[in-house]
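# Coordinates in review
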Amino acid sequence: MDLFEYQGKQLFARWGIPVPDGRVVETSAEAAVAAQELGGRVALKAQVATGGRGKAGGVKLVATPEEAERAAGEVLGMDIGGHRVEHLLVEAASSIDAEYYAAVTLDRRAGSALFILSSRGGIDVEAAGEGAMSSVHVDPLLGLADFQVRSLVFGAGLAPRARPDAARLLPALYRLFVEADASLVEVNPLALTPGGLIALDAKVSLDDSAMFRHPEFESFKGGTLRPDPQEAMAAAAGLNFVKLDGDIGIIGNGAGLVMSTLDVVAQVGGAPANFLDVGGGAGAEALASALEVVVAGPSVRSVLVNIFGGITRCDLVAGGILEALGRTNVTVPVVVRLEGTNAQAGRELLARSHHPNIRAAASMLEAAQRAVEAAR
Ligand code: GDP
Ligand code: MN
């Protein structure tokens, strides 16, 4: 679960990491009131679960409540990387002497957390030279040791007056990472202000598999993070669905078969739009909803249905495909490969329908090739 900045900052505050005083608002009138309460000079920040807000104009610094009202009107409703801005975080503005970067993430290969600190944070952190960056692997049993904190701080070259704050803040970030079961905690910028170090931004991802240990995070769920409409459809239909970046919709039965279908599509030069496993014993209804979910993806240009019948009967699968084509407006080609129980009956059913969108394929490789061609 990726938290919004304001939610991440709630966790920071709970773990003793300094953050600016702020309020979450939904209208420009509320933004003006919040600016008034926070002393006039504020930063308005779009709350969207994506990075690069600064560059997209989603962060505005203003000096008065009137300016806050006007700027809030500009940012609310804005589209940032496909996310509509519905909430703003209004924060007391900080005066920044230096922008640093700090992050804790999981290094799976090393089997431990990786702590990264850089003295060049800010919105162009990707462009920062290597010299400014320092990192340490943290032993999960020993935790972040004092010598590692010093290694980070001196390695990254933080300003001397930032050192005492860093010595408190970095271990707190690591404790938050472990205790909240996070998979990422990122602060960019970690700002050096006249009052010391303060987290001006927060990017926190929590491990969904550990949510059962954290009833206190329940309020972070749903709340404001709107699920992808296609994923919501799949969840409502009880389908095992994962969205990918490509343009070829994939439907199969059994996770292993679907995974190998993704591989074969990639092998013949295609890019899968999703993983969708209808499960064992899937009938017409499951197939029909699977097809509806897959064609709901805006970038899908062809669909590949790959079924290996066992308990699943291919004639029922064929019936489901025809049913879906009857009740949804499917405009893209659907390549179908049926093998196993009642495959022959299923193929005949599809052939007899003479549906203009259906293409039969004899093997998995042929099916992948036809789906890739059809998507061109
Ligand atoms: P991101 O672009 O989505 O990562 O948004 P950030 O929250 O990191 O803000 C982008 C930039 O806005 C920061 O790097 C700062 O330079 C600037 N910024 C954010 N908050 C303040 C603030 O309170 N005061 C000042 N002076 N600048 C701020
Ligand atoms: Mn940032």
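Refer to the preceding data block for the structure.
Residues numbered from 1 in each chain as written. Chains lettered and ligands numbered in written order. Predicted model: local features only at pLDDT ≥ 70, side-chain atom pairs only at ≥ 80, totals over all residues. Heavy atoms only, no water.

### Regarding the pairing of strand β14 (residues 248-252)
The cut-off we apply is this: Each residue gets one of three labels from its accessible area relative to the maximum for its type: buried under 20%, exposed over 50%, partly exposed in between, using a 1.4 Å probe on protein chains only. Helix numbering and strand numbering both begin at the N terminus, where a helix is a DSSP run of H or I of at least 4 residues and a strand a DSSP run of E of at least 2. Pairing between strands is defined by DSSP: at least two bridges between them are needed.
With 5 of its 5 residues buried, β14 lies for the most part within the structure. In β14, alternate side chains face the same way, and those of Ile248, Ile250 and Gly252 on one face and Gly249 and Ile251 on the other are all buried. Sheet analysis places β14 next to strand β16 (residues 302-309), joined by 5 bridges and oriented parallel. Residue pairing across strands places Ile251 opposite Val305, the latter belonging to β16.

### Description of the site of ligand 1
To keep it simple, the criterion reads: The nearness test applies per residue and asks whether one of its heavy atoms lies within 4 Å of the molecule or strand. Counting of polar contacts relies on pairs of N or O atoms within 3.5 Å, with two restrictions inside protein: one atom must be capable of donating a hydrogen and the other of accepting it, and residues adjacent in sequence are counted only when both atoms are side-chain atoms. Exposure was quantified through the Shrake-Rupley algorithm and a 1.4 Å probe, taking into account, for residues, occlusion by the shown protein chains and nothing else.
The immediate surroundings of ligand 1 are formed by 17 residues, with Lys45, Arg53, Gly54, Glu99 and Asn188 found nearest. Ser94 has a polar backbone atom sitting 2.9 Å from a nitrogen atom of ligand 1. Here Asn188 contributes a backbone N or O atom positioned 2.9 Å from an oxygen atom of ligand 1. Bound to the protein, ligand 1 loses 85% of the 570 Å² it would expose on its own. Those elements that provide at least two residues to the shell around ligand 1 are β2 (42-46), α3 (53-56), β3 (59-62) and β10 (182-193).

### Focus: the coordination of the manganese ion (ligand 2)
Rules: Atoms are scored as donors when they are N, O or S and lie within 2.8 Å of the metal, with 3.2 Å used for Na, K and Ca; no water is included, so coordination may look incomplete.
Protein coordination at the manganese ion (ligand 2): the donors are Asn188 (O) and Asp201 (OD), at 2.1 to 2.2 Å from the metal. Here Asp201 lies in the loop between β11 (196-199) and β12 (203-206) and Asn188 lies in strand β10, a separation of 13 residues in the sequence. For the residue pair Asn188 and Asp201, the accessibility class agrees, reading buried in each case.

### Comments concerning the nonpolar core
Applied cut-off: To form a nonpolar core, buried Ala, Val, Leu, Ile, Met, Phe, Trp, Tyr and Cys residues must be joined to one another through side-chain atoms within 4.5 Å. Note on definitions: a residue-residue contact is assigned when non-hydrogen atoms from the two residues lie within 4.5 Å.
Grouped together as the largest cluster of nonpolar side chains are 43 residues, with contacts concentrated most on Leu11, Phe12, Ile17, Phe115, Leu170, Leu173 and Leu206. Counting residues per element, this core draws most heavily on helix α6 (residues 163-179), which supplies 8 residues. Dropping the residues within four chain positions of it, Phe115 is found in contact with Ala103, Val104, Ser134, Ser135, Val136, Val138, Leu144, Leu152, Leu170, Leu173 and Tyr174. Ala282, Val305, Ile307 and Val330 belong to the second largest nonpolar core, which has 32 residues in total.

### Observations concerning helix α5 (residues 146-156)
We count it as follows: By construction, the arc corresponds to the directions joining the helix axis to the C-beta atoms.
All of the buried residues along α5 are Gln148, Val149, Leu152, Val153 and Ala156. Along the long axis of α5, the arc covered by the buried residues comes to 130 degrees, so they all point the same way. For α5, the exposed residues set more than 90 degrees away from the buried face come down to Asp146, Phe147 and Phe154. Downstream of α5 by a residue or two, Gly157 has a phi angle that is positive, lying close to 75 degrees.

### Section: the packing of α5 against α6
This is how the line gets drawn: Orientation is described by axes fitted as lines to C-alpha atoms, over the contacting stretch for helices, and by angles from 0 to 180 degrees between their N-to-C directions. Note that the term roughly parallel is reserved for angles under 35 degrees, roughly antiparallel for angles over 145, roughly perpendicular for angles of 65 to 115, and oblique for everything else. A crossing counts as left-handed when the near helix is turned anticlockwise from the far one by less than a right angle, and as right-handed when that turn is clockwise.
Two elements in contact, α5 and α6, have axes whose closest approach is 10 Å; the angle formed by their N-to-C orientations is 125 degrees. One element, α5, and the other, α6, form an angle in the oblique class. Between α5 and α6 lies a crossing of right-handed hand. Together, Val149, Leu152, Val153 and Phe154 of α5 and Arg163, Ala166, Ala167, Leu170 and Pro171 of α6 make up the contact between the two elements.

### As for the sheet that holds β2
Taken in spatial order, the 4 strands line up as β1-β6-β2-β3 in an open sheet, and their pairing is antiparallel. Strand pairing shows two members of the sheet lacking a second neighbour, β1 (22-25) and β3, which therefore form its edges. Neighbour to neighbour, the strand axes of the sheet diverge by 20 degrees on average, direction disregarded. Two elements, β2 and β3, share 4 bridges in a ladder whose sense is antiparallel. Across the sheet, Val42 pairs through a bridge with Val62, a residue of β3. Contacts from helix α2 (residues 28-37) reach β1, β2 and β6 (88-92) within the one sheet, and its direction differs from that of β1 by about 175 degrees. Along the sheet face, helix α4 (residues 65-75) touches β2, β3 and β6 and points at about 170 degrees away from the line of β3.

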